[in-house]
Amino acid sequence: PDQKYDLILANPPFIPTPDGIEGTLTSNGGKEGSRFVDLLLGRLGQYLESDGRALIYVFQFVKESLPLIMDGLNAIATRRSVEVTPAQSHRISLDAYSKAYVQLFPQAVPAIDAWRSALLAEHGSGLELCHYVVDIGPSREAPGRCEIRENFSEKFGANFFVPSENEA
């Protein structure tokens, strides 16, 4: 905490998790999966050198082709360039994700249903989930920008791409 770093690699707990599901402490990222990611982004200036770089692996809800975390990233992009790179080929629907939770935690169906309903009430229908790598670059004098880049294989290697299937 007393020094800044040139490189920060982070894989914080990011799994969107309904309240009331126990046993997921190491992966529970809160209702939208951003609890710890938001904390990290809020403190990034304290820990990252101005010419430093941060790579953060996240699993995000997606609304209208944009991860929900984009507002927080756009705030950082006023000072740094930010690339958000999908790490899987097909997104997962909220319905499929909710069904998987029901299969894993059948005793928690009321909590899962309440969580799903709250997400739909807040964000509307059409929510999906996708893994991303957030690449936050050095500070700049010119305004930065935040953009989605479809260049995972070139940037990180095809072997690290998350296998996913189209649900259709």
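Above this text you will find the structure in question.
None of these values were measured; they are calculated from a predicted model.

### Structural notes on the overall build of the protein
Broken down by element type, the protein carries five helices and seven strands. Ordered by position from the N terminus, the helices and strands of the protein form the series β-α-β-β-α-β-β-α-α-β-β-α. Taking 168 residues into account, the globule formula puts the C-alpha radius of gyration at 15 Å, and the protein, at 17 Å, falls close to it. Taken over the C-alpha atoms alone, the protein extends approximately 50 × 35 × 30 Å along its principal axes. Residues classed as buried in the protein amount to 40% of the 168 residues present. Long-range contacts, defined as pairs at least 24 residues apart, comprise 80% of the intrachain contacts of the protein with a sequence gap of at least 6. Of the roughly 9,500 Å² that the protein leaves accessible, carbon and sulfur atoms contribute 52%. For the protein, the distance from the average site of its 15 positive side-chain charges to the average site of its 22 negative ones is 3 Å.

### Examining the pairing of strand E4 (residues 80-86)
Taking burial as the measure, the seven residues of E4 include six buried ones, the bulk of the element. Pairing analysis gives six bridges linking E4 to strand E6 (residues 128-139), with the strands arranged antiparallel. Each bridged residue has a counterpart across the sheet, and for Pro 86 the counterpart in E6 is Tyr 132. In this sheet, strand E7 (residues 146-148) lies alongside E4 in parallel orientation, the contact comprising three bridges. Looking across to E7, one finds that Val 82 is bridged to Cys 146.

Analysis parameters
- Within any chain, residue numbers begin from 1 and follow the written order of that chain's sequence.
- Thresholds applied to this predicted model are a pLDDT of at least 70 for local features of residues and 80 or more for the giving and counting of side-chain atom pairs; totals over whole chains, interfaces and linings are not thresholded and use all residues.
- As a convention, hydrogens and water are excluded, and side-chain values are obtained from all of the structure's heavy atoms.
- Secondary structure elements are defined from DSSP: runs of H or I of at least 4 residues count as helices, runs of E of at least 2 residues count as strands, and each element is numbered from the N terminus.
- Radius of gyration means the value over C-alpha atoms here, while the globule rule gives 2.2 Å times the residue count to the 0.38 power.
- Burial classes: relative accessible area under 20% of the type maximum marks a residue as buried, over 50% as exposed, and values in between as partly exposed (1.4 Å probe, protein chains only).
- Contacts between residues were defined by any pair of non-hydrogen atoms, one from each residue, lying within 4.5 Å.
- The Shrake-Rupley method, run with a 1.4 Å probe sphere, supplies the accessible areas, and residue values consider only the shown protein chains as cover.
- Working convention for charge: Lys and Arg count positive, Asp and Glu count negative, and His plus the chain ends are omitted.
- In this description, the location of a charge corresponds to atom NZ of lysine, CZ of arginine, CG of aspartate or CD of glutamate.
- Two strands make a pair as long as DSSP finds a minimum of two bridges between them.

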